[in-house]
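# Chains, contacts and geometry: an overview
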Amino acid sequence: MRTHDLRQPHKTVLGTYSTYDAAQHAVDTLARHRFPVEHVSIVGTSLRWEEKVLGRWTLGRALITGAGTGVWIGLLIGLVFLIVSPWQGWAMTSAIVLGLIFGLIWGAISYALQRRAFASLPAIVADSYDILVDPEFADEARRVLNTARVATGTFK
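In every chain, residue numbers begin from 1 and rise along the written sequence. Given that this is a predicted model, residues contribute local features only at a pLDDT of at least 70 and side-chain atom pairs are listed and counted only at 80 or more, while totals for whole chains, interfaces and linings are drawn from all residues. Working from all heavy atoms in the structure, the side-chain values ignore hydrogens and water.

Under the DSSP-based scheme used, a helix requires at least four consecutive residues in state H or I and a strand at least two consecutive residues in state E, with every element numbered from the N terminus. Tallying secondary structure elements over the protein gives four helices and four strands in all. Secondary structure elements of the protein occur, N-terminal to C-terminal, as β-β-α-β-α-α-β-α. Against the 2.2 N^0.38 benchmark of 15 Å for 156 residues, the protein shows a C-alpha radius of gyration of 25 Å, more extended than a compact globule. Counting only C-alpha atoms, the protein reaches 65 × 45 × 35 Å along its principal axes. Working definition: with a 1.4 Å probe on protein chains only, accessible area under 20% of the residue-type maximum means buried, over 50% means exposed, and in between means partly exposed. Across the 156 residues of the protein, 31% fall into the buried class. Whether two residues are in contact is decided by their heavy atoms, any of which lying within 4.5 Å being enough. Sequence-distant contacts, at least 24 apart, represent 81% of the contacts inside the protein between residues at least 6 apart. Under the convention used here, a 1.4 Å probe and the Shrake-Rupley method define accessible areas, while residue burial counts only the protein chains that appear. On the protein, roughly 10,700 Å² of surface is accessible, and the fraction owed to carbon and sulfur atoms is 64%. His is not counted, nor are the chain ends, whereas Lys and Arg count as positive and Asp and Glu as negative. The atom standing in for a charge is NZ when the residue is Lys, CZ when it is Arg, CG when it is Asp and CD when it is Glu. Separation of charge centres in the protein, based on 15 positive and 12 negative side chains, amounts to 10 Å. The atom set for the radius of gyration is the C-alpha atoms, and the globule formula is 2.2 Å times the number of residues raised to the power 0.38.

Below is the structure:
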């Protein structure tokens, strides 16, 4: 029985998984079998910064992003106006149009100030994910996971 010391000094390692989805699936299995999952933690180990490059950052992309954001903000403001004064139906349309215009302007400004020529999505990724459980629940958790593995024919 291996214990873990990452800010959870009294937890037992239930299993180690190579992907977050696999670890999450194991916790989902515990939850579906009415295991008290509030005694479980998922801990990523060997963390690293990973940035997925989405493509070139062009003026067109900046304008589309700005316009989309502006329309959503305008829609939100328009809904508030519609709730406060429902007899002013034009307020919704005006808010969306103004949001679109300001979004386009902001998109152009952000493109001009941008220092790099690509768009990306940053993430912190772990090499492996440990499922930790309070020691008094470890045997029950193992039993639930083993029963589920046998029932589905998954022997990992």
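And the narrative resumes.
Let us look at helix α2 (residues 59-84). What a helix should span is 1.5 Å times the count of its residues minus one. Given a rise of 1.5 Å per residue, 26 residues ought to cover 38 Å, and the 37 Å separating the end C-alpha atoms of α2 matches this to within 8%. The set of residues buried in α2 consists of Ala62, Gly66, Ala67, Gly70, Gly74 and Gly78. Each element contacted by the buried residues of α2 is listed here: α3 (90-113).

We now examine the side chain of serine 128. Mapped onto the secondary structure, serine 128 falls in strand β4 (residues 118-133). A relative accessible area of 18% means that serine 128 is categorised as buried. At 2.6 Å, the side chain of serine 128 forms a polar contact with the side chain of threonine 45. Other than its neighbours up to four places away in sequence, serine 128 contacts Thr16, Tyr17, Val43, Gly44 and Thr45. Side-chain atoms alone can form a polar contact between residues adjacent in sequence; in general such a contact is a pair of N or O atoms within 3.5 Å, and within protein one must be able to donate a hydrogen while the other accepts it.

Before going further, it helps to examine the confidence of the model for the protein. On a range of 0 to 100, pLDDT expresses the predictor's confidence in each residue. Considering every residue of the protein, the mean pLDDT works out to 88; 92% of them sit at 70 or more. Between the elements of the protein, mean pLDDT differs from a low of 48, seen in strand β1 (residues 3-4), to a high of 94, seen in helix α1 (residues 20-32). A low-confidence stretch, residues 1-5 (pLDDT under 50), is modelled with 15 contacts involving residues beyond four sequence positions or located in other chains.

You can see proline 86 is positioned in the loop between α2 and α3. Distance in space between the C-alpha atoms of proline 86 and tryptophan 57 is 40 Å, their sequence separation being 29 residues.

Lines fitted to the C-alpha atoms define the axes, with helices restricted to the stretch that makes contact. Angles between their N-to-C directions range from 0 to 180 degrees. Across the interface, α2 lies against α3 with an axial gap of 6 Å and an inter-helix angle of 150 degrees. As the angle between them shows, α2 and α3 are arranged roughly antiparallel. When you trace α2 past α3, the crossing you get is right-handed. With respect to orientation, any angle under 35 degrees is reported as roughly parallel, any angle over 145 as roughly antiparallel, any angle of 65 to 115 as roughly perpendicular, and every other angle as oblique. Two helices cross in a left-handed way if the nearer one is turned anticlockwise from the farther one by less than a right angle. They cross in a right-handed way if the turn is clockwise.

Generally, phi is negative for residues other than glycine and the peptide bonds are trans, each holding for most cases. A positive phi angle, close to 60 degrees, is found at arginine 34, a residue other than glycine. Counting through the fold element by element, arginine 34 comes out in the loop between α1 and β3 (40-56). Since its relative accessible area comes to 77%, arginine 34 is described here as exposed. Positive phi values are uncommon outside glycine, yet serine 46 reaches one of about 55 degrees. Mapping serine 46 onto the fold places it in strand β3.

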